[in-house]
Amino acid sequence: MTSANATAATSARKRARLLSRGRAIEPALFTPIAHAIAAGIEGWNEKEFVHDPTKMSRGLEALSNAIGTDGIFIAAATAMEAEAAGAELNWDTYPPRVVSPPLQDLSEAQSLPAKLPAAARIEAALETTRRLAATLTEGPLLAAAVTGPQTLAGQLVGADRLGEIEPTDQERDICGQVCAELARLFCEAGTHMIVVQEEIKPPKDGDEGGTRHPWRDALVPLFNIVRFHKKLVVELDVGNGFGSTRIEGQGDAAAVLPGDPDQWQILPATGSLLITAGEIPANTNLPELTGKCREIAGSLAP
């Protein structure tokens, strides 16, 4: 990594720390969720890539050098948690999708947090985080996206069933504890930012009666853990097809680009963070992505 790139990347980590403390930053952090696209750099398929920390470490470092963004994603929200619970996934397309929910009842997920560290993809992602945290000491900020509690609930028992039942507060809290435990593991491994991604969009705060929505209440343990580790936490809702985001404790101080770079025609007005509405497709043309990322980074520079 060149001296200039190292300086810029170190600045990104400092900006992330400032942002986690509620401070204003400039320029905004540009952190598209680019992960499995790194597999194609050396011709690996996505499934073997996300199970192999050596491949991920090499691919993600090469991806970071290519696109030059403020952060790289060690993990995307691709049903890792449901897979750890025993879900069957369809890998014919990427990202993989749950085809056989593993649980009949959300209360059965009580034991899931303890299973996370030994789950194959999670174990590989954590090892990748540790390696890159050790080798890219002046590198880009390291980020991980985890599945939000409501989307996780749908993956565990099936989205249709979730629509038919009314989970109890305890069941929501169980899903929230799964999210919190995975965030803790990533924070301890060396990530600088946690993104909580919901595909089933929870209602906003301030519903009738002025109360917080219970699915967002389930995230309180995660917020506390990430705050304890002095990391940045971002909520990303992609359930409406366009994406909306918020930095925990700072309202709407962020903006969202479409997940598909071909739709990056207009740069949204940004606050402190610019992120994509989900993972950039793994089959995206890398040279084209590199050009678009560097163009956006240049437009954000003061």
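Just above, that's the structure.
Quantities reported herein were computed from a predicted structural model and do not represent experimental measurements.

Q: Got a minute to help me understand the packing of aromatic side chains in this structure?
A: Each aromatic ring pair is characterised by the separation of its centres together with the angle its planes make. This structure, assessed with the given rule, holds three aromatic pairs. Ring centres 6.3 Å apart and planes at 20 degrees place the aromatic pair tryptophan 44 and phenylalanine 49 in the stacked group. Ring geometry for tryptophan 91 against tyrosine 94: centres 6.5 Å apart, planes inclined by 40 degrees, an arrangement best described as tilted. Of the two residues examined, tryptophan 91 and tyrosine 94, each falls in the buried class.

Q: Could you clarify how one ought to interpret the side chain of glutamate 81 in this entry?
A: Mapped onto the elements of the fold, glutamate 81 is located in helix α4 (residues 80-84). Although glutamate 81 is buried, it makes no salt bridge; arginine 121 carries the closest opposite charge, 7.0 Å away. In this structure the side chain of glutamate 81 is engaged in a polar contact, spanning 2.8 Å, whose partner is the side chain of threonine 147. The residues touching glutamate 81, leaving out its near neighbours within four places in the chain, are Leu112, Leu116, Val146, Thr147, Leu152, Val178 and Leu182.

Q: Could you clarify how one ought to interpret the pattern of salt bridges in this entry?
A: Note that side chains of opposite charge can pair when their charged atoms are close. Under the definition given, this model contains 13 salt bridges. Glutamate 83 serves as the salt-bridge partner of arginine 121, at 2.8 Å between the closest nitrogen and oxygen. Taken as a pair, arginine 121 in helix α6 (residues 120-135) and glutamate 83 in helix α4 lie far apart in primary sequence, 38 residues in all. With relative accessibility at 25%, the residue glutamate 83 sits in the partly exposed group. Aspartate 262 serves as the salt-bridge partner of lysine 292, at 3.2 Å between the closest nitrogen and oxygen. With lysine 292 in helix α12 (residues 286-300) and aspartate 262 in the loop between β9 (254-257) and β10 (273-276), this residue pair connects regions lying 30 residues apart in the sequence. On the accessibility criterion, aspartate 262 (48% relative accessible area) is partly exposed. Three or more residues joined by partner-sharing salt bridges are found here, namely Glu127, Arg130 and Arg131.

Q: What is the right way to read the nonpolar core from this model?
A: Nonpolar side chains in soluble globular proteins tend to be buried together. Counting residues in hydrophobic clusters, the biggest one holds 74 residues, and the most contacted among them are Leu60, Leu156, Phe186, Ile194 and Leu222. Once residues within four sequence positions are removed from consideration, isoleucine 194 is found in contact with Ala144, Val146, Ala183, Phe186, Cys187, Val226, Leu232, Val233 and Val234. Counting 25 residues, the second-largest nonpolar core is a separate cluster that includes Ala143, Ala145, Met193 and Leu273.

Q: Looking at this model, I keep getting lost on the side chain of threonine 129. Mind explaining?
A: By the secondary structure assignment, threonine 129 is in helix α6. Once residues lying within four places of it in the same chain are set aside, the contact partners of threonine 129 are Ile74, Leu142, Phe186, Ala189, Gly190 and Thr191.

Q: What should I look at first to understand helix α9 (residues 169-189) in this one?
A: An α-helical segment advances 3.6 residues per turn. Residues three or four places apart therefore align on the same side. A rise of 1.5 Å per residue sets the reference length of α9, with its 21 residues, at 30 Å; its end C-alpha atoms lie 30 Å apart and thus fit the reference within 8%. Of all 21 residues in α9, 15 are buried, a share of seventy percent or more. The positive-phi residue at the C-terminal boundary of α9 is glycine 190, with phi of around 130 degrees.

Q: Explain a positive patch on the surface here, please?
A: Among the surface-exposed residues, Lys14, Arg17, Arg21, Arg23 and Lys230 lie close enough to one another that they form a single positively charged patch. Within the element layout of this structure, lysine 14 appears in helix α1 (residues 3-20). Owing to a relative accessible area of 48%, lysine 14 belongs among the partly exposed residues under this scheme.

Q: For this particular structure, what's the right way to read the packing of helix α7 (residues 149-157) against α9?
A: Think of two packed helices as two axes; the pair is described by the angle between the axes and how far apart they sit. As a packed pair, α7 and α9 sit with axes 9 Å apart at the nearest point and diverge in direction by 110 degrees. Put simply, α7 runs roughly perpendicular to α9. From α7, Pro149, Leu152 and Ala153 reach across to α9, where they touch Cys175, Gly176, Val178 and Cys179. When its residues are assigned to classes, the contact of α7 with α9 shows six nonpolar, one polar and no charged.

Q: Quick question: what am I supposed to make of the packing of helix α3 (residues 53-67) against α12 here?
A: One way to put it is that α3 packs onto α12 with a least axis distance of 8 Å and a crossing angle of 55 degrees. Here α3 lies oblique to α12, going by the angle between them. Contact with α3, carried on its side by Leu63, Asn65, Ala66 and Ile67, involves Leu286, Leu289, Thr290, Cys293 and Arg294 of α12 and no other residues of that element. The residue inventory of the contact of α3 with α12, partitioned by class, reads six nonpolar, two polar and one charged.

What counts, and where the lines are drawn
Throughout, residues of each chain are indexed from 1 in the direction in which the sequence is written. Per-residue local features of the predicted model are confined to residues with pLDDT of at least 70, and side-chain atom pairs are confined, for both listing and counting, to 80 or more; whole-chain, interface and lining totals are unaffected and use all residues. Working from all heavy atoms in the structure, the side-chain values ignore hydrogens and water. In summary, the pairing rule links any two rings of Phe, Tyr or Trp, Trp by its six-membered ring, whose centres are within 6.5 Å, and it sorts them by plane angle into stacked for under 30 degrees, edge-to-face for over 60 and tilted for everything else. Note on classification: 1.4 Å probe, protein chains only; a residue is buried when its accessible area is under 20% of the maximum for its type, exposed when over 50%, partly exposed between these limits. Labels follow the DSSP assignment, with helices taken as runs of H or I lasting at least four residues and strands as runs of E lasting at least two, numbered in each case from the N terminus. For the purpose of counting charges, residues Lys and Arg are taken to be positive, whereas Asp and Glu are taken to be negative. His and the chain ends are not included. A pairing counts as a salt bridge when a side-chain nitrogen of Lys or Arg comes within 4 Å of a carboxyl oxygen of Asp or Glu. We define a polar contact as two N or O atoms separated by no more than 3.5 Å, with the added condition that, inside protein, one atom must be a possible hydrogen donor and the other a possible acceptor, whereas residues neighbouring each other in sequence contribute only through side-chain atom pairs. Contacts between residues were defined by any pair of non-hydrogen atoms, one from each residue, lying within 4.5 Å. To define a nonpolar core, start from buried Ala, Val, Leu, Ile, Met, Phe, Trp, Tyr and Cys residues and group those joined through side-chain atoms within 4.5 Å. To estimate how far a helix should reach, multiply one less than its number of residues by 1.5 Å. Patch definition: residues with relative accessible area over 30% and no salt bridge; like charges joined within 9 Å; nonpolar side chains (Val, Leu, Ile, Met, Phe, Trp, Tyr) joined within 5 Å. To be clear on the numbers: accessible area is Shrake-Rupley with a 1.4 Å probe, and residue cover counts the displayed protein chains and nothing else. Throughout, a charge is located at the NZ atom of Lys, the CZ atom of Arg, the CG atom of Asp or the CD atom of Glu. Helix axes are fitted to C-alpha atoms over the stretch in contact, other axes to C-alpha atoms as well, and angles between N-to-C directions run from 0 to 180 degrees. Here is the rule for angles: anything less than 35 degrees is roughly parallel, anything more than 145 is roughly antiparallel, 65 through 115 is roughly perpendicular, and the remaining ranges are oblique. Residue polarity follows a fixed list, in which Ala, Val, Leu, Ile, Met, Phe, Trp, Tyr, Cys and Pro are nonpolar, Asp, Glu, Lys and Arg are charged, and the others, Gly among them, are polar.

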